[in-house]
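Geometric and topological summary
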Amino acid sequence: MEDNKGILRTEEKDIEVITRNYFMKLFESKGVGNTSHLLSGFRCTITDSMNQVLTAILKRRKFLKQLTVWGRQKGLNLMNKRMGKRGLMALKIDMSKAYDRVEWDFLQQMMAKMGFNGSWIQLIMRCINMVTYSVELDGKSGEIFMPGRGLRQGDPLSPFLFLIYSEGLSTLLKLASAEGLLRGIKASRRGPQITHLFADDFVLFGEATEEAISSRLGVKWTNNAEKYLGLPSMKSIWAAKGLLQSGLCWRVGTGWNINIEEDVWAQDDEHLLIKKIVSNPDLLKVADLIDCTNRSWKTELIKGTFSEVDAQRILQISLARLPQDDFLAWRGEPTGEYTVRSGYRLLLHGNSINNNGYNPSENRKCYKNLWKSDLPSKLKITAWRATLNYLPTLSNLRTKRLITDDVCPRCKQEVENRNHVFRDCTVSKETWNSLNFIWPVNLVDLEFMEWFTWIVSNSRMDICRSFLYTIWAIWLARNKWIH
Ligand SMILES: [Zn+2]
């Protein structure tokens, strides 16, 4: 590693110092300057009664109800508008690096201006500034240092604080719009002027010409609105709201609100989602599986549509005699109540509940075969890390909020999770084909772990070896492509 004088350092101690200095500088407060203009655009939005709610202890029912409301909000469809002579622009700004640069003083000033009461602000500030960091090298922790700014990546609180912080940018844009420096766009003639949208990316709207954008801002031009708004990964924008959403599970009432394949409603320790094995386009909602005259499951239909395991999971769900609304419950804890501990666990490990294949004895056999194969240990470790979902696939990095775009860079078709890297990506498909690896058709719809377990525990040792070797080679090739 090069130090700041450009001299190459190879000693572990030096590397730790260089890395630590880098992060100390990154997390060092640069001061907030004069904030009066910006803060003048802030209205006091937090009322006394809201403050009371904040400092009160939350009732479970209220909490869940609010979550349901959030989950139902829909995206916008703006950019299909025909472009006029001047043209409309949408500028997408990557906010992922902004986390590290959040100035604590500014956040505190904003919360005060918004009207949060003092004890709440103190509580929040304590959560933020009681942080210490150290650089870990080859498993050894370096010297501890204290940051002066920044929000912790992966902390369930950070996204919400960042929302408040980014109100600052929103306010600047509103001020600029009010002062005539910026013109937003309208979705309809009578609609409000929109200058910006905010999910986990920031999208700025306005009137501008193509040349102006390219020359003044030095950014690339595209008229592909979907790509600009990140719509292919709209799903992953949901995932970012994610902590709460991914931790929720539907309790079946009427079944009208629950999508069979997209929602979590019949999960067990190993599975989250249900997949049809016989395609049937009429079956979309869980309600389609319920005989509403006598409030029972349509047993034959279910057995004919899903795998035996899935059918069993569905039929085990008891239906209330009288139809009631579907509702969302927290699945991180057995009681269905949200706790910070389970939130943290889900956030840090993603859906790790889903990591260990569904058949325990097959699972054991799989690991046994993996370790006893006489392959180099780096191969075995790569495969083992894949089974635990510890490999840094883009999807995993995104779950940990280290990146914002997790679309596979090789085929640009799908989110790059381990299913995709090792099996579904066109590049990987070609690899398996060229090696004459053919597996039963129904295997391609399985989750990675079920697929992997099935092959390693059911194949002859020589096939097992070349399978594991190929897994390693695919990962190696993928890394070379990316870096
Ligand atoms: Zn791909």
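Residues numbered from 1 in each chain as written. Predicted model: local features only at pLDDT ≥ 70, side-chain atom pairs only at ≥ 80, totals over all residues.

**Describing the overall build of the protein chain**
The line we're drawing: Only DSSP runs of H or I covering at least 4 residues are called helices, and only runs of E covering at least 2 are called strands; the numbering of each starts at the N terminus. Three exposure classes are used. Buried residues have 20 or more other C-beta atoms within 10 Å of their own C-beta, exposed residues have 12 or fewer, and partly exposed residues fall in between, all C-beta atoms being placed from the backbone. Residue pairs are scored as contacts if the distance between their C-beta atoms, which are placed from the backbone, is within 7 Å.
Along its length, the protein chain carries 20 helices and 11 strands. The burial tally for the protein chain puts 22% of its 483 residues in the buried class. Summarising the internal contacts of the protein chain: among those between residues at least 6 apart in sequence, 65% fall at separations of at least 24.

**Quick look at unusual backbone geometry**
One non-glycine residue with positive phi stands out, namely arginine 295, at about 50°. With respect to the helices and strands, the residue arginine 295 is situated in the loop between strand E9 (290-291) and strand E10 (296-297).

**Observations regarding the packing of helix H5 (residues 104-114) against helix H6 (residues 118-129)**
Operational definition: Working convention: axes come from line fits to C-alpha atoms, limited for helices to the stretch in contact. Angles between N-to-C directions cover 0 to 180 degrees. Convention used here: angles under 35 degrees read as roughly parallel, angles over 145 as roughly antiparallel, angles from 65 to 115 as roughly perpendicular, and any remaining angle as oblique. In this scheme the handedness of a crossing depends on how the near helix is turned from the far one: anticlockwise by less than a right angle means left-handed, clockwise means right-handed. Side-chain classes follow a simple rule in which Ala, Val, Leu, Ile, Met, Phe, Trp, Tyr, Cys and Pro form the nonpolar group, Asp, Glu, Lys and Arg form the charged group, and the remainder, Gly included, forms the polar group.
At a minimum axis distance of 11 Å, the contact between H5 and H6 shows a crossing angle of 160°. Classed by the angle they form, the pair H5 and H6 counts as roughly antiparallel. Read as a crossing pair, H5 and H6 show a hand that is right-handed. Of the residues in H6, those touching H5 at Trp104, Gln108, Met111 and Ala112 are Ile121, Ile124, Met125, Ile128 and Asn129. When the residues that make up the contact of H5 with H6 are grouped by side-chain class, the tally is 7 nonpolar, 2 polar and no charged.

**Concerning helix H15 (residues 377-387)**
What counts is decided by this rule: The arc in question is the one spanned by the directions pointing from the helix axis to the C-beta atoms.
Residues of H15 that are buried: Leu379, Ala383, Ala386 and Thr387. Seen end-on, H15 carries its buried residues on one side only, within an arc spanning 105°. Projecting away from the buried face of H15 at angles above 90 degrees are the exposed residues Ser377 and Lys378. One or two steps after H15, the chain reaches asparagine 389, where phi turns positive at roughly 60°.

**Here's the deal with the nonpolar core**
Our working definition: For this analysis, nonpolar core means a set of buried Ala, Val, Leu, Ile, Met, Phe, Trp, Tyr and Cys residues linked through C-beta atoms within 7 Å.
By size, the foremost hydrophobic cluster in this structure holds 20 residues, and its most contacted members are Ala383, Phe422, Val456, Leu468 and Ile471. Secondary structure elements with two or more residues in this core: helix H14 (360-372), H15, helix H17 (418-424), helix H19 (448-458) and helix H20 (461-482). Leaving out residues up to four positions away in the same chain, leucine 468 has contacts with Leu370, Ser373, Leu375, Leu379 and Ala383. If you look at the next biggest cluster of nonpolar residues, it comprises 14 residues, including Ile260, Ile274, Ile290 and Ile314.

**Section: the environment of phenylalanine 162**
Tracing the backbone through its elements, the reader meets phenylalanine 162 in helix H7 (residues 158-178). The exposure class assigned to phenylalanine 162 is partly exposed, which follows from the 18 C-beta atoms found within 10 Å. When residues no more than four places from it in sequence are discounted, the contact partners of phenylalanine 162 are Tyr99, Val102 and Leu151.

**Overview of the environment of leucine 107**
Structurally, the position occupied by leucine 107 is in helix H5. You can call leucine 107 buried: it has 22 C-beta atoms within 10 Å. Considered as a pair, leucine 107 and isoleucine 164 are 57 residues apart in the sequence and their alpha carbons are 7.5 Å apart. Apart from residues no more than four positions distant in its own chain, leucine 107 is found in contact with Val102, Leu161, Ile164 and Tyr165.

**Here's the deal with the packing of H5 against H7**
Across the interface, H5 lies against H7 with an axial gap of 10 Å and an inter-helix angle of 85°. In terms of orientation, H5 lies roughly perpendicular with respect to H7. Together, Phe106, Leu107, Met110 and Met111 of H5 and Leu161, Ile164, Tyr165, Glu167 and Gly168 of H7 make up the contact between the two elements. Looking at side-chain class alone, the contact of H5 with H7 contains 7 nonpolar, 1 polar and 1 charged residues.

**Notes on the confidence of the model for the protein chain**
Our working rule: Values of pLDDT, ranging from 0 to 100, describe the predictor's confidence in every residue of the model.
When pLDDT is averaged along the protein chain, the result is 73; 67% of the residues meet or exceed 70. Low pLDDT (under 50) marks residues 223-245, which in the prediction has 35 contacts with non-local residues, meaning those over four places away or in another chain. Every residue in residues 347-358 scores below 50 in pLDDT, and together they form 30 contacts with partners more than four places removed in sequence or on other chains.

**Some remarks on H7**
Convention followed: What a helix should span is 1.5 Å times the count of its residues minus one. To get the bend at any residue, fit one axis to the seven residues that end at it and another to the seven that begin at it, then take the angle between the two axes.
Look at H7: 30 Å from first C-alpha to last across 21 residues, which is about the 30 Å you get at 1.5 Å a residue. A maximum bend of about 25° is found in H7 at isoleucine 164. Looking one or two residues past H7, glycine 180 carries a phi angle of roughly 80°, positive in sign.

**What about the environment of isoleucine 474?**
Turning to its location among the elements, isoleucine 474 is positioned in helix H20. Sequence spacing of isoleucine 474 and serine 428 is 46 residues, and the spatial spacing of their C-alpha atoms is 6.9 Å. When residues no more than four places from it in sequence are discounted, the contact partners of isoleucine 474 are Val421, Phe422, Ser428 and Thr431.

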